[in-house]
Amino acid sequence: MPIPHQKSSFTSSSSTANAWKLSLEDWAKVPENHYLVLPTKHLLFHDNKEVAFSVGVEPRMKNCDQIKVLLMLLNTENSEDGISNIQIETAYRIRKPSDRKPFEMYSSRAYETFHSSELNGMEDGGMSRDYELKSIYNVGTAEERGENGFITFEFEVRIVSAHEKKFQDSSLSKKQIFFKNFESFYGESGDVKITGGKEFACHKLLLTSQSPVFRAMFAHDSKENAESSVHIGDSTPEAVEEFLFFLYHGRLQQVPLTSADFTACLVHLASKYQMGVLMGICKDVLVDIVDVCNVLEIIKAVDKYQELSEISVRLGSYMKENFEEIVKNDEWS
């Protein structure tokens with residue numbers, strides 16, 4: 001049976017959270033490679049258009065104890081192109097009916113995001129996407145989460161306007177709150193210094209909370225830990241300063257970024273210190289600023305970092321579309 005869901009609508013985004021109480025008996029009856037389509041369709045409202053969606057769950061994946069989720073976006077009378085040019089963010093969990101802990105989409109291990117251009121067409125004109133969790137993110141089986149023969153399946157979906165795929169999630173308010181506590185310490189004397197062309201005062205607590213590399217560095221008998229000093233000699237002072245500003249504020253100081261070379265320096269620091277949020281911002285910047293003069297420089301950066309492989313297809317398409325103009329530039333020769 002469906003549990004009443006909450007819905008909110010905005011001009012550029014819309015979200016809804018849904019929960020279904022399901023019997024383990026019905027769950028177990030679903031044949032392998034078949035979906036249990038959860039009852040009722042739900043509506044999101046995006047740019048004054050209805051976007052209807054339905055959810056299916058495959059409880060018994062072949063050679064896998066986990067489930068697969070099928071998200072179906074359906075055409076309605078006034079949707080037309082309502083299911084294009086949107087970013088879709090989803091997350092789900094299986095819980096005991098008595099477990100009432102709040103469900104936070106962006107911290108969920110089942111969080112998934114994709115663009116409408118990645119959806120598959122359906123016979124009725126709708127679009128669909130199915131996805132499964134990797135074993136490292138096992139959220140547990142339905143039987144383990146069952147209670148008195150029932151489970152509760154929760155699913156949250158959010159859509160945001162986007163002409164092409166974005167690599168950041170839309171939880172900006174959460175990031176702002178998270179980083180606000182650090183902002184007041186920026187520029188104050190700290191307990192560790194960062195050197196590399198310039199010297200910057202920082203705080204070990206912040207560095208270790210934001211980067212697993214810094215965390216490991218200061219958790220062991222390293223030179224950096226003993227001397228309370230970290231030397232970054234493989235970047236520029238300007239990029240290091242921007243990197244540290246981001247650690248304290250959760251945003252870039254130089255907006256918008258227009259230099260591919262400077263952005264590549266930030267990519268290097270984000271990769272070196274495993275800063276996934278900063279890497280996502282850099283991906284979007286590189287896609288936004290690519291032109292016939294810098295495309296080769298950006299492709300060189302993409303080739304160096306596995307984290308940038310997702311944008312290589314777009315760069316390849318740009319090269320094909322603008323090849324005649326690109327070869328006229330000095331960099332080509």
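Everything below is about the structure shown above.
Residues numbered from 1 in each chain as written. Predicted model: local features only at pLDDT ≥ 70, side-chain atom pairs only at ≥ 80, totals over all residues. Heavy atoms only, no water.

Engineer: A description of the overall build of the chain should follow, citing residues and the corresponding values.
Structural biologist: If you tally the helices and strands in the chain, you get twelve helices and 14 strands. The buried share of the chain, reckoned over its 333 residues, is 47%. Restricting the contact set of the chain to residue pairs at least 6 apart, pairs at least 24 apart contribute 66%. Approximately 17700 Å² of the chain is accessible, and the part contributed by carbon and sulfur atoms is 50%. (Helix = DSSP H or I, 4+ residues; strand = E, 2+ residues; numbered from the N terminus. Buried < 20%, exposed > 50% of the residue type's maximum accessible area, 1.4 Å probe, protein only. Contact = heavy atoms within 4.5 Å. Areas by Shrake-Rupley, 256 points an atom, 1.4 Å probe, with all protein chains shown as cover.)

Engineer: Mind laying out the packing of aromatic side chains, listing which residues take part and the relevant values?
Structural biologist: Evaluation of the coordinates by the stated rule reveals five aromatic pairs. With centroids separated by 6.3 Å and ring planes inclined at 40°, the aromatic side chains of W20 and F153 adopt a geometry described as tilted. A residue pair is termed long-range when its members are at least 10 positions apart, and W20 in strand β2 (residues 13–23) and F153 in strand β11 (residues 150–161) qualify at 133 residues. Per residue, the accessibility class of W20 equals that of F153, and both read buried. (Phe/Tyr/Trp six-rings, centres within 6.5 Å; stacked < 30°, edge-to-face > 60°.)

Engineer: Can you tell me about the pattern of salt bridges, naming the residues and giving the values?
Structural biologist: Considering all chains together, one arrives at nine salt bridges under this definition. Measuring nitrogen to oxygen at the nearest pair gives 3.7 Å for the salt bridge that ties E25 to K29. With a gap of four residues between them, E25 and K29 both fall in helix α1 (residues 24–29), about one helical turn apart. The pair E25 / K29 is uniform in exposure class, with both members exposed. Between K165 and E118 there is a salt bridge, with the nearest N and O atoms lying 3.9 Å from each other. Linking K165 in the loop between β11 and α3 (172–183) with E118 in the loop between β8 (112–115) and β9 (120–121), this pair joins segments that are 47 residues apart in sequence. (Salt bridge = Lys/Arg side-chain N within 4 Å of Asp/Glu carboxyl O.)

Engineer: Go over helix α5 (residues 212–219), please, and point to the residues and values.
Structural biologist: Among the residues of α5, F214, M217 and F218 are the ones counted as buried. Angular distribution of buried residues about the axis of α5 spans 85°; they occupy a single face of the element. Put simply, S211 is the residue that caps the front of α5, since its side-chain oxygen is 3.2 Å from the backbone nitrogen of V213. (Arc of directions from axis to C-beta. Polar contact = N/O pair within 3.5 Å; in protein donor to acceptor, adjacent residues only side chain to side chain.)

Engineer: Outline the packing of helix α7 (residues 237–249) against helix α8 (residues 260–272), supporting the account with residue identities and numerical values.
Structural biologist: The interhelical angle for the contact between α7 and α8, taken along N-to-C directions, is 60°, at an axis separation of 9 Å. One element, α7, and the other, α8, form an angle in the oblique class. Along this stretch, α7 crosses α8, giving a crossing that reads as right-handed. Only F262, C265, L266 and L269 of α8 make contact with α7, whose side of the interface consists of E238, A239, V240, E242 and F243. (Axes fitted to C-alpha atoms, helices over the stretch in contact; angles between N-to-C directions. Parallel < 35°, antiparallel > 145°, perpendicular 65-115°, else oblique. Left-handed = near helix turned anticlockwise from the far one by under 90°.)

Engineer: How would you explain the pairing of β11 if you had to name every residue and give the values?
Structural biologist: Across the twelve residues of β11, ten count as buried, placing the element largely inside the fold. Of the strand pairs in this sheet, strand β7 (residues 86–95) and β11 are connected by ten bridges, and their pairing is antiparallel. For I88, the partnering residue across the bridge sits in β11 and is I159. (Pairing = 2+ DSSP bridges.)

Engineer: I'd like a rundown of helix α10 (residues 295–304), residues and numbers included.
Structural biologist: Within α10, the full set of buried residues consists of V295, L296, I298, A301 and V302. Buried residues belonging to α10 abut α8, α9 (276–289), α11 (312–321) and α12 (323–326).

Engineer: Describe the nonpolar core, and please don't skip the residues or the numbers.
Structural biologist: Within soluble globular proteins, side chains that are nonpolar tend to cluster in buried spots. I194, L207, V230, F243 and L244 are the most contacted members of the largest nonpolar core, which totals 51 residues. The residues touching L244, leaving out its near neighbours within four places in the chain, are Y186, I194, F200, C202 and L207. (Core = buried A, V, L, I, M, F, W, Y, C linked by side-chain atoms within 4.5 Å.)

Engineer: Explain the environment of L247 to me, using residue names and the numbers behind them.
Structural biologist: Position of L247 relative to the elements: it lies in helix α7. Take L247: its relative accessible area is 1%, and that puts it in the buried class. Sequence separation between L247 and L207 is 40 residues; the distance between their C-alpha atoms is 7.5 Å.

Engineer: Could you give an account of unusual backbone geometry, with specific residues and numbers?
Structural biologist: Excluding glycine, a negative phi dihedral is what most residues carry, and trans is how most peptide bonds are arranged. Of note in the backbone geometry, N148 takes a positive phi value of approximately 55° without being a glycine. Structurally, N148 is set in the loop between α2 (142–145) and β11. For N148, a relative accessible area of 75% corresponds to the exposed category. Despite not being glycine, Q274 has its phi angle at roughly 55°, a positive value. Within the element layout of this structure, Q274 appears in the loop between α8 and α9.

Engineer: Give a detailed account of the sheet that holds strand β13 (residues 199–202), specifying residues and quantitative values.
Structural biologist: Taken in spatial order, the three strands of this open sheet run β13-β12-β14, and their pairing is mixed. One side of each edge strand has no neighbouring strand; the edge strands of this open sheet are β13 and β14 (229–231). Taken pair by pair, the neighbouring strands of this sheet meet at an average axis angle of 20°, ignoring direction. Bridge count for strand β12 (residues 192–195) against β14 is three bridges, and the pairing is parallel. Bridge assignment links K193 to a residue of β14, and that residue is S229. Along the sheet, α7 makes contact with β12 and β13, crossing β13 at roughly 10°.

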